[in-house]
Amino acid sequence: MLQLEDNYPMNQITTLGIGGLAKKFVVVTTFEELIEAVEYAQGQRLPYLVIGGGSNLLISDEGVDCLVIKNEMTAVVQNDTEITVKSGTPLQELVDYTISHGLADLQKLTGIPGTVGGAVYGNAGAYGQTISDHLTAVSVLNTNNLTTEQLNNSDCLFNYRDSIFKKTHDTIVEVHFQLERGDPHILQQEARDVLSKRLVKYPPGIKCPGSFFKNLVASEIPQEILKNIPQEKIVFGKLPAGALLEEVGAKGQKSDGIEIAPYHANLFINQGSGSAKAFYNLAKAYALKVKEKFGITLEPEVQLINLPPLAK
Ligand SMILES: Cc1cc2nc3c(=O)[nH]c(=O)nc-3n(C[C@H](O)[C@H](O)[C@H](O)COP(=O)(O)OP(=O)(O)OC[C@H]3O[C@@H](n4cnc5c(N)ncnc54)[C@H](O)[C@@H]3O)c2cc1C
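Residues numbered from 1 in each chain as written. Predicted model: local features only at pLDDT ≥ 70, side-chain atom pairs only at ≥ 80, totals over all residues. Heavy atoms only, no water.

Caption draft 1: The nonpolar core, seen in detail. Residues Leu58, Phe212, Phe213, Leu244, Ile296 and Leu298 are the most contacted members of the largest nonpolar core, which totals 35 residues. Only helix H6 (223–226), helix H7 (241–247), strand E16 (258–260) and helix H8 (276–294) provide two or more residues apiece to this core. Counting residues per element, this core draws most heavily on H8, which supplies 10 residues. Per-domain counts for this core show at least three residues from each of domain 1 (5–71) and domain 3 (211–305). (Core = buried A, V, L, I, M, F, W, Y, C linked by side-chain atoms within 4.5 Å. Buried < 20%, exposed > 50% of the residue type's maximum accessible area, 1.4 Å probe, protein only. Helix = DSSP H or I, 4+ residues; strand = E, 2+ residues; numbered from the N terminus. Domains from an automatic or database assignment.)

What follows is the structure, encoded as structure tokens:
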């Protein structure tokens, strides 16, 4: 039996600690509960939004007029070097599982908050590894017959922090990987090295949604703009959004309870009392300054919920 809640405060479940009320809210832990929740929404003609760990969301202060389905379907199943994981599994749980079972290719994703489903949606990555690198297939919910269907890796149109799911909004149910074998001790050490670097940028308890803007793929920036950007700013083929934001003085700026980290210009932090409006306005103001100075439109990596697109 679904435990539906009315007027659920979304600021309780976003890492940013911001967000108004969800009209209806439910946690699902099994596929059957997911179906029940979707059937409920369909019956009520209510839109629904599936979320995972809430670590990449900026939800408006007005909240969301829909059913929010928080996905807590978890399981990791191994068949030799193949892994099938339910999408509500915390990414860290998957990373830890693979490391301890001597499977490589996900260890550098250690420390990224949220679920496997959320990571696939945004094609999350760090330190040269991306969730889609060794992903073979994604099972999604078919909302017509309420069964699953499989998309292979190329169907998912993965790109830098992008996937087809950002367009279709299909619900990701299970994810399949084909991994390489690796030495657990070496994998663990690699994960530890990554984690110690991450702790400097993301101290425990920080209220943020990760980096706010996407970095830019250097090869996609028009030459006439690229020639005005110092070459040393380009790292691994990417122009960090933080480098551009720093150039327009974003570091350390504060407004209405939101601070841009003094050590990282692409890290917008809720100091405790910030609102979605304040967060949005500060981000928009600095995106505009970047546009004016460099002619580059920054795109948010964070998902804006019930907020207008930033570029408008
Ligand atoms: C401190 C910190 C550090 C971070 N570091 C990184 C990093 O290094 N690299 C990186 O890439 N990201 C990073 N992030 C961002 C974030 O953790 C990732 O984007 C993460 O993968 C989001 O997962 P989630 O489960 O929290 O998704 P949510 O925030 O809950 O949702 C994000 C989007 O995914 C959709 N979604 C979630 N689950 C499903 C599903 N099952 N089916 C369909 N759609 C779904 C939601 O509808 C929403 O649009 C960081 C965030 C924080 C707070």
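What follows picks up the thread again.
Caption draft 2: Examining the environment of Ile51 more closely. Position of Ile51 relative to the elements: it lies in strand E3 (residues 48–51). Considered as a pair, Ile51 and Ile13 are 38 residues apart in the sequence and their alpha carbons are 10.0 Å apart.

Caption draft 3: How the structure looks around the layout of surface pockets. Each pocket or cavity is described by its volume, and for the second largest pocket that value is around 320 Å³. Residue lining of the second largest pocket: 15 residues in total, with Asn215, Leu216, Val217, Glu220 and Glu299 positioned closest to the centre. There are two domains that each give the lining of the second largest pocket at least three residues, and those are domain 2 (76–198) and domain 3 (211–305). (1 Å grid on protein atoms, 1.4 Å probe; cavity = no way out; pocket = protein on both sides within 12 Å on 5 of 7 lines; lining within 4 Å. Points joined across faces, edges and corners; volume = space filled by probe spheres on them.)

Caption draft 4: Spatial organisation of the site of the ligand. Near the ligand there are 34 residues, and of these Val50, Gly52, Ser55, Thr115 and Arg198 occur at the shortest range. One of the backbone nitrogen or oxygen atoms of Gly52 is found 2.8 Å away from an oxygen atom of the ligand. Within the backbone of Gly53, an N or O atom sits 2.8 Å from an oxygen atom of the ligand. When the free accessible area of the ligand is taken as 980 Å², the share hidden by the protein chains comes to 94%. Broken down by secondary-structure element, the contributors of at least two residues to the shell around the ligand are E3, helix H3 (116–122) and strand E8 (125–126). By residue number, the principal contributor to the shell around the ligand is H3, which donates four residues. Partitioned by chemical class, the residues of the shell around the ligand number 14 nonpolar, 16 polar and four charged. Residue contributions to the shell around the ligand reach at least three from each of two domains, namely domain 1 (5–71) and domain 2 (76–198). (Near = heavy atom within 4 Å. Polar contact = N/O pair within 3.5 Å; in protein donor to acceptor, adjacent residues only side chain to side chain. Areas by Shrake-Rupley, 256 points an atom, 1.4 Å probe, with all protein chains shown as cover. Nonpolar A, V, L, I, M, F, W, Y, C, P; charged D, E, K, R; others polar.)

Caption draft 5: How the structure looks around the packing of aromatic side chains. This structure, assessed with the given rule, holds six aromatic pairs. On the numbers, 3.8 Å between centres and 10° between planes, the contact of Tyr8 with Phe25 is stacked. Separated by 17 residues along the polypeptide, Tyr8 in strand E1 (residues 5–9) and Phe25 in strand E2 (residues 21–28) bring together distant segments of the chain. The buried category is assigned to Phe25, whose relative accessible area is 2%. Judged by centre distance (5.6 Å) and plane angle (50°), the rings of Phe212 and Phe268 are tilted. Here Phe268 lies in strand E17 (residues 268–270) and Phe212 lies in the loop between helix H5 (184–201) and strand E13 (216–217), a separation of 56 residues in the sequence. Classification of Phe268 by relative accessible area gives buried; the value is 0%. Pairwise contacts between aromatic rings join Phe212, Phe213, Phe268 and Phe279 into one cluster. The ring of Tyr286 has Lys289 sitting right over it, with the charged end atom 5.3 Å from the ring centre. (Phe/Tyr/Trp six-rings, centres within 6.5 Å; stacked < 30°, edge-to-face > 60°. Lys NZ or Arg CZ within 6 Å of the ring centre and 35° of its normal.)

Caption draft 6: Seen up close, H8. When the terminal C-alpha atoms of H8 are compared, their 27 Å separation across 19 residues agrees well with the 27 Å that a helix rising 1.5 Å per residue should span. All buried positions along H8 are accounted for by Ala276, Ala278, Phe279, Tyr280, Leu282, Ala283, Tyr286, Ala287, Val290 and Phe294. Following H8 by one or two positions, Gly295 adopts a phi angle in the positive range, close to 75°. (Expected span 1.5 Å × (residues − 1).)

Caption draft 7: Spotlight on the pattern of salt bridges. In this structure the tally under the stated criterion is eight salt bridges. The closest approach of N and O atoms between Lys24 and Asp6, which form a salt bridge, is 2.5 Å. Placement of Lys24 in strand E2 and of Asp6 in strand E1 is noted, with a sequence separation of 18 residues between them. A salt bridge links Glu247 to Lys233; the nearest nitrogen and oxygen atoms lie 3.2 Å apart. Linking Glu247 in helix H7 with Lys233 in the loop between H6 and strand E14 (238–239), this pair joins segments that are 14 residues apart in sequence. Take Glu247: its relative accessible area is 38%, and that puts it in the partly exposed class. Overall, Lys233 belongs to the partly exposed group, its relative accessible area being 24%. (Salt bridge = Lys/Arg side-chain N within 4 Å of Asp/Glu carboxyl O.)

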